[in-house]
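Residues per chain are reported as follows:
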Amino acid sequence: MTVDIAELVNLRSNRPEAIAEAAARRTRRPLMNGTGRLMIIAADHPARGALGAGGRSMAMANRADLLERLCLALSRPGVDGVLATADILDDLLLLGALDGKIVLGSMNRGGLQGARFELDDRFTGHRPEDIERLGFDAGKLLLRIDYDDPGSLTTMESTARAIDDMAARRLPVFVEPFLSHRTPEGKVRNDLSAEAVTKSIAIASGLGGSSAYTWLKVPVTENPDDMAEVMATSTLPAVLLGGEIGGSVEEQAGAYEKWRGALRLPTVRGLVVGRSLLYPADGDVAAAVDTAVGLL
């Protein structure tokens, strides 16, 4: 699909109600289909100021290019849906790309990449009432916990209340937990050791007054062989996240192998991957997506 930016801007300028109309007529489907697996394309990075992919610091800054990549990915067999912020989902609604797809609204994007307040990750994206009103299927939130940063407690409490609000509406929410720390240069780094990922899963699983609608979105540990023990920490259904992958074909292939092993675990139900599939090392989006789908 070639995206006509002028047409999108014209619609947004003259008929903003077209977005709500497109959401109302969108064909929906159950979260889980007959395969019991999920393949979701993630594209909520730009709203946190995280525009880099594959070694290019501003790869996601061109909206027409990003939308074209998303439409291509969503058109591939086996792709169930998309995770994004309102601006991107509104564009995809206007493009008619979300019919029959699972739509996850991104909820907290206030922890801007590189900001001093990065770990005070306020809920500046979709609210539970927005997800319900638009007929979307689930929400997603990011929970990074740094024991030395009081902002993490604010995020943690807000996360618990968001889980409560989503459960009250019987809407699934995908929680992406990390134990994090700041480097001497002040950059936030996520700890992917087995112990840290285990603790993050245990903390996230216990948030809120009900876990009935809570899913986990988890990374593969530094040593993939640790994943079986790590994922035994909770009975909540989980999906694997793609994370940051280098710009080489070899690093991309290595990521596929890590995902392949973890996908065999009983609580793991699929993949939520963004930049590594939308901006693959060889530039072939369709092939990258098809390879990931094949792992399921």
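Refer to the structure printed above.
Residues numbered from 1 in each chain as written. Predicted model: local features only at pLDDT ≥ 70, side-chain atom pairs only at ≥ 80, totals over all residues. Heavy atoms only, no water.

1. Observations regarding the overall build of the protein
Along the backbone of the protein there are 11 helices and nine strands. Taking 296 residues into account, the globule formula puts the C-alpha radius of gyration at 19 Å, and the protein, at 18 Å, falls close to it. Across its three principal directions, the C-alpha atoms of the protein cover 50 × 45 × 40 Å. When the 296 residues of the protein are sorted by exposure, 53% land in the buried category. Taking the intrachain contacts of the protein between residues at least 6 apart in sequence as the baseline, contacts between residues at least 24 apart amount to 69%. Carbon together with sulfur atoms contributes 50% to the accessible area of the protein, which is approximately 12900 Å² in total. On the protein, the mean spot of the 33 positive side-chain charges and the mean spot of the 40 negative ones are 3 Å from each other. (Helix = DSSP H or I, 4+ residues; strand = E, 2+ residues; numbered from the N terminus. Rg over C-alpha atoms; globule rule 2.2 N^0.38 Å. Buried < 20%, exposed > 50% of the residue type's maximum accessible area, 1.4 Å probe, protein only. Contact = heavy atoms within 4.5 Å. Areas by Shrake-Rupley, 256 points an atom, 1.4 Å probe, with all protein chains shown as cover. Lys, Arg positive; Asp, Glu negative; His and termini not counted. Charge placed at Lys NZ, Arg CZ, Asp CG, Glu CD.)

2. Some points on the nonpolar core
Among the nonpolar cores identified, the biggest contains 77 residues, and Leu92, Leu240 and Trp259 are the most heavily contacted of them. Contacts of leucine 92, omitting those with residues within four sequence positions, involve Leu67, Leu70, Cys71, Leu74, Val82, Ala97 and Leu98. Counting 12 residues, the second largest nonpolar core, distinct from the first, contains Ile40, Ala42, Trp215 and Val272. (Core = buried A, V, L, I, M, F, W, Y, C linked by side-chain atoms within 4.5 Å.)

3. Some details on the environment of serine 158
Structurally, serine 158 is set in helix H6 (residues 151–168). Of the residues examined, serine 158 reaches a relative accessible area of 27% and is grouped as partly exposed. Once the C-alpha coordinates of serine 158 and arginine 15 are considered, the two residues, 143 residues apart in sequence, prove to be 34 Å apart.

4. Considering the packing of helix H3 (residues 63–75) against helix H11 (residues 285–295)
Where H3 meets H11, the axes come as close as 9 Å, and the angle between the chain directions of the two elements is 40°. It follows that H3 is oblique to H11 by the angle criterion. Crossing geometry of H3 relative to H11 is assigned as right-handed. Residues Arg69, Leu72 and Ala73 of H3 touch H11, and the partners they reach there are Val285, Ala286 and Val289. (Axes fitted to C-alpha atoms, helices over the stretch in contact; angles between N-to-C directions. Parallel < 35°, antiparallel > 145°, perpendicular 65-115°, else oblique. Left-handed = near helix turned anticlockwise from the far one by under 90°.)

5. Comments concerning the pattern of salt bridges
When charged atoms on two side chains of opposite charge get close, those side chains can pair. For the structure on display, the rule yields 25 salt bridges. Ionic pairing is found between glutamate 21 and arginine 15, a salt bridge with its closest N-O pair at 2.6 Å. Here lysine 217 makes a salt bridge to glutamate 176, at a shortest N to O gap of 2.9 Å. Separated by 41 residues along the polypeptide, lysine 217 in strand S7 (residues 214–218) and glutamate 176 in strand S5 (residues 173–182) bring together distant segments of the chain. Each member of the pair, lysine 217 as well as glutamate 176, carries the same accessibility label: buried. Put simply, Asp44, Arg109, Lys140, Glu176 and Lys217 are held in one network by salt bridges that share partners. (Salt bridge = Lys/Arg side-chain N within 4 Å of Asp/Glu carboxyl O.)

6. Concerning unusual backbone geometry
Positive phi outside glycine occurs at arginine 170, with the angle close to 55°. Within the element layout of this structure, arginine 170 appears in the loop between H6 and S5. Arginine 170 sits in the exposed class, given a relative accessible area of 63%.

7. A look at the packing of aromatic side chains
For the coordinates displayed, the defined rule picks out two aromatic pairs. Centroid distance tyrosine 256 to tryptophan 259: 5.6 Å. Interplanar angle 75°. Geometry classified as edge-to-face. Of this pair, tyrosine 256 and tryptophan 259 both sit in helix H9 (residues 249–262), three residues apart, which is roughly one turn of that helix. (Phe/Tyr/Trp six-rings, centres within 6.5 Å; stacked < 30°, edge-to-face > 60°.)

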